[in-house]
Structures are given as C-alpha cells and as structure tokens.
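Now for the letters of each chain:
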Amino acid sequence: MSVDLNTVKNALTWRYATKSFDPSRKIGPEAWAALEDSLVLAPSSYGLQPWQFLVVENTELRHKLKAVSWNQSQVTDASHFVVITTLRDMSADYIKAFIRQNMEVRNVPHEALAGYENMMIKNIVDGMEKNYIRTWNHRQAYIAMGFLLETAALLEIDTVAMEGLDPKAYDRFLGLEESPYETVSAVALGYRSAEDKYQFAQKVRFPKDQVIKVIR
Ligand SMILES: Cc1cc2nc3c(=O)[nH]c(=O)nc-3n(C[C@H](O)[C@H](O)[C@H](O)COP(=O)(O)O)c2cc1C
C-alpha cells in the first residue's frame, strides 16, 4: 500500500473549509461508502468508539438545523450532512457490550478479556469525573471528524467542519434529549460552488518551525 507524497500534500492544500456548496452535485454511493469507512475505522481511546454519526437526509430537518447553525448555507446545500454525536456518559454496560464485540470479532473467550474489561470500568466509569467523561468522549469525536475530512480531501470531496451550531437545539430537533447521545459538531460534505471565493484564499498557518518542535 503506498500513496504518492504529492497526493497527500495536494489533497491537504486543495481542501478548505467550504463556505458555499454546489447544491446540484451529489456524492456517489461508492465514495460515500469510503467516507463512512473513515468514520467507522477511526481510532478512539481504548477502542471504545463513544459516538454515533447521524446522516441527515431529510430536507425539512436540514432547514430546521440551518436556522440553529447561524443560518450557514452549507447545512442545506451540501450533498451530505453528518451530525457528530457522542455518549453523554460511559457505563459499565457499554464497556461490556464492547468486550462482547471483541470476543465475537477476535473469537476469544471472556476470560481472556476480563482484565481489560475491569481495567476500563475502574479507570473510566469509577475513576473519571462525570464531566470529564463527557469531554473525553467529545475528544474522541474530533479524531473521527479529522479522519472524515482527510479522507474526503483525498477523494476530492469538499467538506466543512462545523461548530457554529446550537448543540442543544440540534438535540431537540434530532430527538436526542432523552437518548444517551448528544450533539457535538457537524460536517457538511459535497462539492464546492465555483463561486465560493474562499477556495482561492491563501492558507493562513503559523510557520512549520513554530508549530513543530524537535526535542533532541
Ligand atoms: C472544529 C471546527 C469547527 C468549525 N466550524 C466552522 C463553522 O461552523 N463554519 C465554517 O464556515 N467553518 C468552520 N470551521 C472551519 C475553520 O474556520 C477552518 O478550518 C479554518 O479557518 C482553517 O481554514 P481551512 O480549513 O480552509 O484551511 C471549523 C473548523 C473546525 C476544525
């Protein structure tokens, strides 16, 4: 497996936070499946995947969400709109379900994973403040979001990550208020409008030697 270095650099400079999508262009099913894979295969602490990704296809709902997202046009104009949600908490039951998934996939008995299971319950469920668990779950979501943005760029699909939204209003519209999951952020995906002037803007980044320090 090899990817040309130029492919990576080109994708990273080609991508930009798309402000204006071409509403007539849709992501095809094969590319969409690859984008879904980037979410499913994203790493998370202990591998717990404390997330759910809601792909909102309903037009009426997308209009409602736009109204609570600073009226940003990407919510309705992008081909696909994904709301990133994470668990509000972490329970022993959830960890046990994750362990069962491990047993099934890797074909190992419970005894082999009991230590791992107990360690996670002790460290997370018993060992972390409830508020910290929430923040910790949110952190995991940003890794998945990064994977999605990068994969899309490699496939020449435009994206914008969105925090400019009211998470509580999203929870209301998406029926999450009584659910274990809550809205963290969103990603709109599709194809840039030819008129979006931001695609021509220079990237504003601090110099590499200011951001990356080598400790010898
Ligand atoms: C977590 C996160 C939230 C963001 N929220 C928004 C948003 O709500 N609306 C928007 O237009 N851009 C949003 N952006 C885009 C950033 O402003 C943009 O990535 C940054 O200015 C760098 O520009 P570039 O992505 O074009 O290189 C967000 C980016 C990130 C990573």
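Residues numbered from 1 in each chain as written. Predicted model: local features only at pLDDT ≥ 70, side-chain atom pairs only at ≥ 80, totals over all residues. Heavy atoms only, no water.

What about the sheet that holds strand β3 (residues 158-162)?
The strand order across the open sheet formed by 4 strands is β1-β2-β4-β3, and the pairing between neighbours is antiparallel. The open sheet has two edge strands, β1 (51-55) and β3, and neither has a second partner. For this sheet, the mean angle separating the axes of adjacent strands, direction not counted, is 25 degrees. With 8 bridges joining them, strand β2 (residues 80-87) and strand β4 (residues 181-190) adopt antiparallel strand pairing. Of the residues in β4, the one forming a bridge with Ile84 is Ser185. (Pairing = 2+ DSSP bridges. Helix = DSSP H or I, 4+ residues; strand = E, 2+ residues; numbered from the N terminus. Axes fitted to C-alpha atoms, helices over the stretch in contact; angles between N-to-C directions.)

Quick notes on the pattern of salt bridges
Under the definition given, this model contains 6 salt bridges. Of the charged contacts in the structure, one is a salt bridge between Asp89 and Lys130, with a shortest N-O distance of 2.4 Å. Of the two residues, Asp89 is situated in the loop between β2 and α5 (92-106) and Lys130 in helix α7 (residues 130-154); the sequence distance between them amounts to 41 residues. Here Asp89 falls in the partly exposed class, since its relative accessible area comes to 28%. In this structure, Arg192 engages Asp158 in a salt bridge whose closest nitrogen and oxygen atoms are separated by 2.8 Å. With a gap of 34 residues between them, Arg192 in the loop between β4 and α9 (208-211) and Asp158 in strand β3 connect regions that are remote in the sequence. Each member of the pair, Arg192 as well as Asp158, is classed as buried. By sharing partners, the salt bridges in this structure join Arg88, Arg134, Asp171 and Glu182 into a single network. (Salt bridge = Lys/Arg side-chain N within 4 Å of Asp/Glu carboxyl O. Buried < 20%, exposed > 50% of the residue type's maximum accessible area, 1.4 Å probe, protein only.)

Brief notes about helix α2 (residues 29-40)
Here α2 contains 12 residues, and its C-alpha end-to-end distance of 16 Å stays within 8% of the 16 Å for a straight helix at 1.5 Å per residue. Among the structural elements, β1, β2, α7 and β4 are those in contact with the buried residues of α2. (Expected span 1.5 Å × (residues − 1). Contact = heavy atoms within 4.5 Å.)

Focus on the domain arrangement of the protein
Considered domain by domain, the protein is made up of domain 1 (5-87 + 140-211) and domain 2 (91-127). The C-alpha-based centres of domain 1 and domain 2 are spaced at 31 Å. With 7 residues of domain 1 in contact, the opposing surface of domain 2 contributes 8 residues. Around 600 Å² of area is buried between domain 1 and domain 2 when both sides are counted, 68% of it from carbon and sulfur atoms. Considering only the surface of domain 1 that becomes buried against domain 2, Tyr46, Leu48 and Leu87 emerge as the three largest contributors, covering 84% of it. Inspection of the domain 1/domain 2 interface yields 0 salt bridges. Among the residues making up the side of domain 1 that touches domain 2, the classes are represented as 5 nonpolar, 2 polar and no charged. (Domains from an automatic or database assignment. Buried area = accessible area lost by both parts, 1.4 Å probe. Nonpolar A, V, L, I, M, F, W, Y, C, P; charged D, E, K, R; others polar.)

Description of the packing of aromatic side chains
Going through the model one piece at a time under the given rule, you end up with 3 aromatic pairs. Residues Trp51 and Phe53 carry aromatic rings whose centres are separated by 5.6 Å and whose planes lie at 40 degrees to one another, so their mutual orientation is tilted. A single burial state applies to Trp51 and to Phe53, both of which are buried. Ring centres of Phe98 and Tyr116 lie 6.4 Å apart, and the angle between their planes is 65 degrees; on these two criteria the pair is classed as edge-to-face. Of this pair, Phe98 sits in helix α5 while Tyr116 sits in helix α6 (residues 110-126); the two residues are 18 residues apart in sequence, bridging distant segments of the chain. You can call Phe98 buried: its relative accessible area is 13%. Relative accessible area serves as the criterion here: at 26%, Tyr116 is assigned to the partly exposed category. A cation over a ring is seen here: Lys19 above Tyr198, with NZ or CZ 5.5 Å from the ring centre. Sitting over the face of the ring of Tyr191, Arg25 holds its NZ or CZ atom 4.0 Å from the ring centroid. (Phe/Tyr/Trp six-rings, centres within 6.5 Å; stacked < 30°, edge-to-face > 60°. Lys NZ or Arg CZ within 6 Å of the ring centre and 35° of its normal.)

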